[in-house]
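So the chains spell out like this:
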Amino acid sequence: TVADNALVLDALAGYDRRDSTSVKRGYIPMGRELNAGVKGLRIGLPKEFFGKGLAPAVKKQVLRAAKLLEKEGATVTEVSIPSLDYALPAYYVISSAEASSNLARFDGVKYGYRAKEFTDLTDMYERTRSEGFGEEVKRRIMLGSFVLSSGYYDAYYLKALRTKALIKKEFDRAFRNYDIILGPAAPTAAPKIGTSLSDPMKMYLSDIYTVAVNLCGLPGITVPCGQDKAGMPIGIQMIGDCFKEKTLIRAAYTYEQRR
């Protein structure tokens, strides 16, 4: 539930002097925000989220959620974030490059899995990484190694970083007028367990609405909002500005309690 989410966030959030990535700033416990409601909140519906590829059942449930929040006192209007169309390719270039770089340390020497049988050091590296990584991890390592290689670094990785900066700038502009960006969590209802990996391209495309949060370092929360005709669950996603988790908690809890 959203209340569980708030409880966990209260336990995790805050400054840690041993963590160079944490920020030293005040923190208000999320539990206090649960019943604050959404009256006065400005909610934007990005038109880029409602284009080609979105299942009609998902669109229907997202718009129904927007109507509910509007009924509770929020203001809901359409917003445009044009560069969202480039979020998915930029994300997979950057995330694959980071995976390739970070997973290079898993070579079977210092820690992690090590192959049991090998003839020499090179063979040990090859067998360890072949046996220890799954198909999807290997796919991302290879893609990441490619975009970081000589001759392709500028064409892919640097271009993806510039695209990331552009998307963040457009989100910053949107948050001057909106408190929350509302949209679908995925273009379709949830897939059945075990079916995603059978079609990697389809799996990547299902991330199209959620990767912008990771690219831009924004808080987001996904809440169930109904089912399709087959009974598979559908989710809505709420995105907030940096350090505005309490606004998301307010809206998500209100929707969860009223739907």
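Residues numbered from 1 in each chain as written. Predicted model: local features only at pLDDT ≥ 70, side-chain atom pairs only at ≥ 80, totals over all residues. Heavy atoms only, no water.

For this particular structure, what's the right way to read the packing of aromatic side chains?
Each aromatic ring pair is described using two quantities: the centre-to-centre distance and the angle formed by the ring planes. Under the criterion given, the structure shown has eight aromatic pairs. On the basis of an interplanar angle of 85 degrees and a centroid distance of 5.6 Å, the ring pair of Phe106 and Tyr111 is categorised as edge-to-face. For Tyr111, a relative accessible area of 40% puts it in the partly exposed group. In this structure an aromatic cluster arises from ring pairing among Phe146, Tyr152 and Tyr156. Here the basic side chain of Arg25 rests over the ring of Phe243, its NZ or CZ set 4.0 Å away from the ring centre. (Phe/Tyr/Trp six-rings, centres within 6.5 Å; stacked < 30°, edge-to-face > 60°. Buried < 20%, exposed > 50% of the residue type's maximum accessible area, 1.4 Å probe, protein only. Lys NZ or Arg CZ within 6 Å of the ring centre and 35° of its normal.)

Quick question: what am I supposed to make of the sheet that holds strand E5 (residues 233-240) here?
Paired through backbone hydrogen bonds, the strands of a sheet run either parallel or antiparallel to each other. If you trace the five strands from one edge of the open sheet to the other, you get E2-E1-E3-E5-E4, paired in mixed fashion. Only two strands of the sheet have a single partner each, and these edge strands are strand E2 (75-79) and strand E4 (220-227). Within the sheet, the average angular offset between the axes of one strand and its neighbour, ignoring direction, is 30 degrees. (Pairing = 2+ DSSP bridges. Helix = DSSP H or I, 4+ residues; strand = E, 2+ residues; numbered from the N terminus. Axes fitted to C-alpha atoms, helices over the stretch in contact; angles between N-to-C directions.)

Which parts of the structure should I look at to understand the side chain of Thr254?
Assignment of secondary structure puts Thr254 in helix H9 (residues 245-258). Not counting the four nearest positions on each side in its chain, Thr254 is found in contact with Gly37, Val38 and Glu72. (Contact = heavy atoms within 4.5 Å.)

How do you make sense of the environment of Pro46 when you look at a structure like this?
Summarising the element assignment, Pro46 is placed in strand E1 (residues 42-46). Separated by 136 residues in sequence, Pro46 and Leu182 have C-alpha atoms that sit 7.4 Å apart.

Looking at this structure, how should I read H9?
Given 3.6 residues per helical turn, the α-helix brings residues three or four places apart onto the same face. Between its first and last C-alpha, H9 extends 20 Å over 14 residues, near the 20 Å set by a 1.5 Å rise per residue. Among the residues making up H9, those that are buried are Thr247, Leu248, Ile249, Arg250, Ala251, Ala252, Tyr253, Thr254 and Tyr255. In this structure, the buried residues of H9 make contact with helix H1 (2-12), helix H2 (56-71), strand E3 (180-184), E4 and E5. (Expected span 1.5 Å × (residues − 1).)

Just to check I follow, could you spell out the nonpolar core for this structure?
Nonpolar side chains in soluble globular proteins tend to be buried together. Grouped together as the largest cluster of nonpolar side chains are 64 residues, with contacts concentrated most on Phe171, Ile181, Ile236, Met238 and Tyr255. When sequence neighbours within four positions are dropped, the list of residues in contact with Tyr255 reads Ala65, Leu68, Leu69, Val223, Pro224, Cys225, Ile236 and Met238. (Core = buried A, V, L, I, M, F, W, Y, C linked by side-chain atoms within 4.5 Å.)

What exactly am I supposed to notice about a nonpolar patch on the surface here?
There is a patch of nonpolar side chains on the surface, built from Leu143, Phe146, Tyr152 and Tyr156 and spanning about 350 Å² of accessible area. Within the fold, Phe146 resides in helix H5 (residues 135-148). (Patch = residues over 30% accessible without salt bridge, like charges linked within 9 Å, V, L, I, M, F, W, Y side chains within 5 Å. Areas by Shrake-Rupley, 256 points an atom, 1.4 Å probe, with all protein chains shown as cover. Salt bridge = Lys/Arg side-chain N within 4 Å of Asp/Glu carboxyl O.)

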